[in-house]
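# Examination of the molecular architecture
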Amino acid sequence: QGVHGHAGGSCCRPHGSQPVATLRWSRAYRTARSRVCMGTRAALAALKEFAAPTAIGDDNCRRVASGLVLSGISTATACVVVAHSRGRNGALAFFASYLMELSLSVDNMFAFYLIFKFYHCPPQLQSGVLGWGIVGAIVLRAVALLTGVAVVRSVRPLMLVLALALLYSGAKMAFTSEDDDDEDLSNNAVVALVRRLVPMTETYHGTNLLVRNAGGQIRATPLLVVLITVEVSDIMFAIDSVPAVLGMSEDTLVIYLAVMCAVLSLRSIYTVTVLLVKELVYLQPAVALLLAFVGFKIALDILFKVSVSNALSLAVIISVLFVGTVASLVKMSCRRAYATVSSPHAVPEAAAHDGDWDPNEREGDQDGARRASVDEQSADMEMAEARPAGGGGLRRLE
């Protein structure tokens, strides 16, 4: 201080170096990301015992870890803001709305995966589409929530219409048979409408949305059609999500922050979300039960003036999602155990991936054992893609 005239002056810091606080935050973020990445790998390794093996490289794992850290920080920050401005009851409503929107959005991610698959969208272009989808979701959900809050406050009995819509969606999701789930979107109403209204080229042209053909006419690329389909699907999905969060709270700040945190959280880890939602076969009935619960909650409040507390709503949501997830894991474990017993000559999947099982011990023919392993893994992948976990998203899309 005697030399420079002030303590901790910029003259004491080498040129181009970062402030100590910035270095500390950067170091803390890298540490948190590294630990989350390790936890993600451990969780995925544990899921191999229940679900189909998932190949996640180091780069993808780092992206997943970064997404988890950022979404966790943003959600915690939003919860603190809500708790400071709205109190404990507002924080409970925020968390209940967040979990409700999260459970609905998980199913929607599978529908987006089917859209990408139907249009053969290259993986390197999918992140850009999801990024624009986030921008569209921010704007569209803001308009929908503000309009919904204004309407239900001015015409209170209109909440009964939302309750009936939630009960109908829940019943349709719960009682639609497994055979009705179809991953072919060629007959889907939204996809057919977009393809009819937007003439497009046959191939992708990088990140270009519009190109000129040989005749000088402007044509849309498949990437623009994919983007429009995702945005229109977002609007259709809001038919369920907006009434659901309005059933939790009518505070615009609480529900908007909850919806945005849920959307950002899932789209930042889109790859893992799609891989896991294929395996959680009882997640769809759990979401259907939650939609029915919110519908009854609204009806009790409007017709009988019986208010269900936010704490009870949060407990119901957590319990239903927990039971649905655990039941899915138990069913996957039983199915794998049955598959192992029914095909004793096939190479166990865990051993095939770990490389510590010698097929000659049981088969005596290494090539034959490897072919049996490949056939079994292909059958498992086809079964996983045929499961109805994402069917609710397609039904709401239609």
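Structural notes, computed from the coordinates. Nothing here was measured: the structure is a model prediction, and the numbers come from that model. (Residues numbered from 1 in each chain as written. Predicted model: local features only at pLDDT ≥ 70, side-chain atom pairs only at ≥ 80, totals over all residues. Heavy atoms only, no water.)

Turning to the overall build of the protein chain, a few remarks are in order. If you tally the helices and strands in the protein chain, you get 13 helices and two strands. Considering only residue pairs separated by 6 or more positions, the protein chain has 80% of its internal contacts joining residues 24 or more positions apart. Approximately 20,900 Å² of the protein chain is accessible, and the part contributed by carbon and sulfur atoms is 63%. (Helix = DSSP H or I, 4+ residues; strand = E, 2+ residues; numbered from the N terminus. Contact = heavy atoms within 4.5 Å. Areas by Shrake-Rupley, 256 points an atom, 1.4 Å probe, with all protein chains shown as cover.)

On to the side chain of asparagine 310, then. Within the fold, asparagine 310 resides in helix α10 (residues 310-342). Not counting the four nearest positions on each side in its chain, asparagine 310 is found in contact with Asn89, Leu92, Ala93 and Met248.

The next point concerns the pattern of salt bridges. One pass over the structure, following the stated rule, counts five salt bridges. A salt bridge links arginine 86 to aspartate 251; its shortest N-O distance comes to 2.5 Å. Placement of the pair is arginine 86 in helix α2 (residues 58-118) and aspartate 251 in the loop between α6 (222-248) and α7 (252-268), with a sequence separation of 165 residues. A salt bridge links aspartate 234 to arginine 141; the shortest N-O distance between them is 3.7 Å. On the criterion of sequence distance, the pair formed by aspartate 234 in helix α6 and arginine 141 in helix α3 (residues 123-154) is long-range, its members being 93 residues apart. Exposure remark for arginine 141: the relative accessible area of 4% places this residue in the buried category. The network of salt bridges with shared partners includes Glu101, Arg141 and Asp234. (Salt bridge = Lys/Arg side-chain N within 4 Å of Asp/Glu carboxyl O. Buried < 20%, exposed > 50% of the residue type's maximum accessible area, 1.4 Å probe, protein only.)

Position of threonine 201 among the secondary structure elements: in the loop between α5 (189-197) and β1 (210-212). For threonine 201, a relative accessible area of 15% corresponds to the buried category. With near-sequence residues (within four places) excluded, threonine 201 lies in contact with Val211, Arg219, Ala220, Thr221 and Pro222.

Below, the discussion takes up the state of the cysteines. Counted under the stated rule, the structure contains zero disulfides. Not engaged in a disulfide, the cysteine cysteine 79 finds its nearest cysteine sulfur in cysteine 261; these two sulfurs lie 9.0 Å apart. Since its relative accessible area comes to 24%, cysteine 79 is described here as partly exposed. (Disulfide = S-S within 2.5 Å.)

Right, let's get into the environment of serine 74. With respect to the element layout, serine 74 can be found in helix α2. Since its relative accessible area comes to 30%, serine 74 is described here as partly exposed. Between the C-alpha atoms of serine 74 and serine 265, which are 191 residues apart in sequence, the distance is 8.8 Å. Here the side chain of serine 74 touches serine 71 through a polar contact of 2.8 Å, landing on its backbone oxygen. (Polar contact = N/O pair within 3.5 Å; in protein donor to acceptor, adjacent residues only side chain to side chain.)

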